[in-house]
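# Geometric and topological summary
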Amino acid sequence: MTTETASAVTLPGGEMLAWSDRTDPADDGPLAALAARLVPAGARVLLAGPHGPAVLDALAHTRLTCLLRGYPDATAVAGRVDRVLVSGPRGLPAGEEYDVVIAGAGLDAIESVEGERLGWDELLARLVAAVRPGGDLLLRLDNPLGVHRLTAAESWYAGRGDAEWTVGGVLDAARPANLAQVHERLTVAGMRVGTCYAGYPRPDLTTALLAADELARHTTSGLFDAVLHAACTDGYTGRFVLADPARLAVDALHAGRAADLAPSWLVLARRPATGSGGTDDDSGDPPPRLDRPEDPPPGVGGPDRLPVAFFADATAGGTVVEVRDGPPGWHWHQSGVTVPAPSTDAPNAGREPAHRDPAAPDGPVPDGRLLRSLLLDGCLRRDTALLRRLLRGYADWLDGQAEQGRLAGAVALAGADSLVVDGDRWGVLDRGWRADAPLPVDVVLVRTLWRFAADLLTGGYAHPWTSTLDVTGLTVLLGGVAGRDVDRAAVEAAMAKGATAAEAEVSPTDPPPGPRSYQQLREAWLRQREENTRLTALLTWTENLLTSRERALRRAEAKINLMSGSLSYKVGRLALTPARMAKRGARAAKRRARTAIAAKQGEQK
């Protein structure tokens, strides 16, 4: 450890010398984008608890102090910040105030076990005291009744890990258990609650922050539908869960409860200029506020004028994308924050050459419902008229977007999970991907239908057609519903280069990709059992048919053997022998005569 690093670390007492709270670097992308949007240059910021490198980079333009309880974490960030305090909340200097206090890991990650435990309300009071009048507090809280708890395969109350010193839940009355209680606790602490974001997909991994008020207001938003589905699918991939978190999150959105079932909340609160009174002073002047960068005009984007959503786009290498509200409506904006993320193929691009436009996403966000949800709704309700209207409308829209029968740009790669429908208007949510070469309209249509058919069958969704169809057969049927003449050969040709290795091997009896849901695994087992029952019945019928044919053959052979040993059969055979010999002799004489005639005709010529 260098002298510079040692001088940046202060140990006022209560430090945990061997403990580390280091988090996943991909967790802090949306939080980093929000912090960069919230905190102006030169502000005094207290970063309470562990945060990833993306947050430190986003706050590089500020005077940053970190409060950590683990000494290894302190040495890792020393040199990148102005000061590091290694202590519990008691280590904060009395009377020291900051423009912004950020507790993006929650209050539990601040309290040290080396000393007296303060409890949730006292921890909050310590942080509120560190906020200057007119300053902001950004606080994250876990939801004890979130999607992660409702779908967890392991009981939340049986944890025995090193980090699980206390088990939080609705039984702990000392902690807020819902958003209303969070607002009440902050108000009692002397704060004015502003914007609240719902964090998905897990408390320990937040790749999407969605404004709670907007979630309750736009329950049919195709954007929210797509973001929640993608975040929960990617966030739980390979994990064993009781039910599909993506399905539950989307259903909660449609019911207006997506914020209530969010795994975590991120709340922005402001300390009034007069302190605990919560009102302005007698002068009538408004309380001082931070001049945030790039503020939109007043009245735009909610009370705090912050974006509607932040989410990390895994298909763009982890770039955090903002959705801002304005007079024309929602529009895309790149935050400039990038977090590590696994490489992901372009949506519906498969093996086709495609590239990501560095200037995208940009422009307005199209309104409407997600095509995938509308198609699933039609299948579940057996509404063939709705399915026919949607699929034919999609096929006609592709024709209208095509030039000389080919599609280019984002339209060529957009599938049912990135298309929105608003009456007769269609739009593409993710316009960042571009196809390197235009694709025929029929190929784009078949690939979209094939992927939806795979989701429909592997997800175990009910639909109005026969259950014995495979993915290709269902694609052919959907093509007919769309009013297009599609056969199996056309489907196989379209997917030959457009399907990934995993997609090429998909079977109707397989569970869907992503989380390992016991519910979906059971549905896959039931489908496999039905298929095995059908194959067993077919095998039994085939065996019975072969047995009956074998018995008939044996009866015929017995009759032949019986007849071949009788006197009449032998006499008849002796009578027929001279006739057969005469017939063979006549044929030989005929051949010799033809040969002789042909030879004479050759000599005459």
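### A few points about the sheet that holds strand β19 (residues 425–428)
- Spatially, β16-β18-β19 is the arrangement adopted by the three strands of the open sheet, whose pairing is antiparallel. Unpaired on one side and paired on the other, β16 (369–370) and β19 mark the two borders of the sheet.
- One ladder, built from four bridges, connects strand β18 (residues 419–422) with β19; its direction is antiparallel. Directly across from Leu 419, in β19, lies its bridge partner Val 428.

### Focus on the packing of aromatic side chains
- Applying the stated criterion across every chain, the model contains six aromatic pairs.
- Here the aromatic rings of Phe 224 and Trp 330 are separated by 5.3 Å at their centres, their planes lie at 50°, and the arrangement is tilted. With Phe 224 in helix α9 (residues 222–235) and Trp 330 in strand β13 (residues 329–338), the pair connects residues that are 106 residues apart, well separated along the chain. In this structure, Phe 224 and Trp 330 share a single accessibility class: buried.
- An aromatic cluster of at least three residues, connected via ring pairs, comprises Tyr 394, Trp 397 and Trp 426.

### A few points about the nonpolar core
- Ranked by size, the top nonpolar core spans 64 residues in total, and within it Leu 127, Leu 137, Leu 139, Leu 186, Tyr 200 and Val 323 carry the most contacts.
- The leading source of residues in this core is α9, at seven residues.

### Thoughts on the confidence of the model for the protein chain
- Averaged over all residues, the pLDDT of the protein chain equals 83, while 85% of them reach at least 70.
- Below a pLDDT of 50 lies the segment residues 291–303, which in the model reaches 29 contacts outside its immediate sequence neighbourhood of four places, other chains included.

### Structural notes on helix α10 (residues 245–254)
- Buried within α10 we find Pro 245, Ala 246, Ala 249, Val 250, Ala 252 and Leu 253. Buried residues of α10, viewed axially, fall in a sector of 155°; they line one side.
- Structurally, α10 contributes buried residues whose contacts are with α6 (147–150), β7 (192–202), α8 (212–217), α9 and β9 (240–241).
- With a side-chain oxygen lying 3.2 Å from the backbone nitrogen of Ala 246, the N-terminal cap of α10 falls on Asp 244.
- Downstream of α10 by a residue or two, Gly 256 has a phi angle that is positive, lying close to 75°.

### What about the side chain of His 51?
- Mapped onto the elements, His 51 comes out in the loop between β2 (44–48) and α3 (53–58).
- Within polar-contact distance, the side chain of His 51 engages the backbone oxygen of Gly 49 at 2.8 Å.
- In this structure the side chain of His 51 is engaged in a polar contact, spanning 2.9 Å, whose partner is the backbone nitrogen of Gly 104.

### With respect to a nonpolar patch on the surface
- There is a patch of nonpolar side chains on the surface, built from Trp 156, Tyr 157 and Leu 171 and spanning about 390 Å² of accessible area.
- Mapped onto the elements, Leu 171 comes out in the loop between α6 and α7 (179–188).
- Overall, Leu 171 belongs to the exposed group, its relative accessible area being 76%.

### Observations concerning empty space enclosed by the protein
- Overall, the coordinates contain four cavities of 30 Å³ or more when judged by the stated rule.
- Here the largest cavity is characterised by a volume of approximately 120 Å³.
- What lines the largest cavity is a set of 13 residues, among which Leu 31, Gly 104, Arg 140, Thr 206 and Leu 209 lie closest to the centre.
- Where the lining of the largest cavity is concerned, the elements lending two or more residues are α2 (29–38), β8 (205–211) and β10 (264–270).
- Here the lining of the largest cavity takes three residues from β10, the largest share from any one element.

### So, the side chain of His 148
- Note on placement: His 148 falls in helix α6.
- Non-local contacts of His 148, meaning those with residues more than four positions away in its chain, are made with Asn 143, Pro 203, Tyr 236 and Pro 263.

### Things to note about helix α14 (residues 471–481)
- Burial analysis of α14 places eight of its eleven residues in the buried class, the great majority of the element.
- Residues of α14 that are buried include every one of Val 471, Thr 472, Gly 473, Leu 474, Thr 475, Leu 478, Gly 479 and Val 481, and no others.
- Buried residues belonging to α14 abut α12 (384–401), α13 (441–458) and α15 (488–496).
- Looking at the residues trailing α14, positive phi occurs at Gly 483, about 85°.

Cut-offs used in this document
Residues numbered from 1 in each chain as written. Predicted model: local features only at pLDDT ≥ 70, side-chain atom pairs only at ≥ 80, totals over all residues. Heavy atoms only, no water. Pairing = 2+ DSSP bridges. Helix = DSSP H or I, 4+ residues; strand = E, 2+ residues; numbered from the N terminus. Phe/Tyr/Trp six-rings, centres within 6.5 Å; stacked < 30°, edge-to-face > 60°. Buried < 20%, exposed > 50% of the residue type's maximum accessible area, 1.4 Å probe, protein only. Core = buried A, V, L, I, M, F, W, Y, C linked by side-chain atoms within 4.5 Å. pLDDT = per-residue confidence, 0-100. Contact = heavy atoms within 4.5 Å. Arc of directions from axis to C-beta. Polar contact = N/O pair within 3.5 Å; in protein donor to acceptor, adjacent residues only side chain to side chain. Patch = residues over 30% accessible without salt bridge, like charges linked within 9 Å, V, L, I, M, F, W, Y side chains within 5 Å. Areas by Shrake-Rupley, 256 points an atom, 1.4 Å probe, with all protein chains shown as cover. Salt bridge = Lys/Arg side-chain N within 4 Å of Asp/Glu carboxyl O. 1 Å grid on protein atoms, 1.4 Å probe; cavity = no way out; pocket = protein on both sides within 12 Å on 5 of 7 lines; lining within 4 Å. Points joined across faces, edges and corners; volume = space filled by probe spheres on them.

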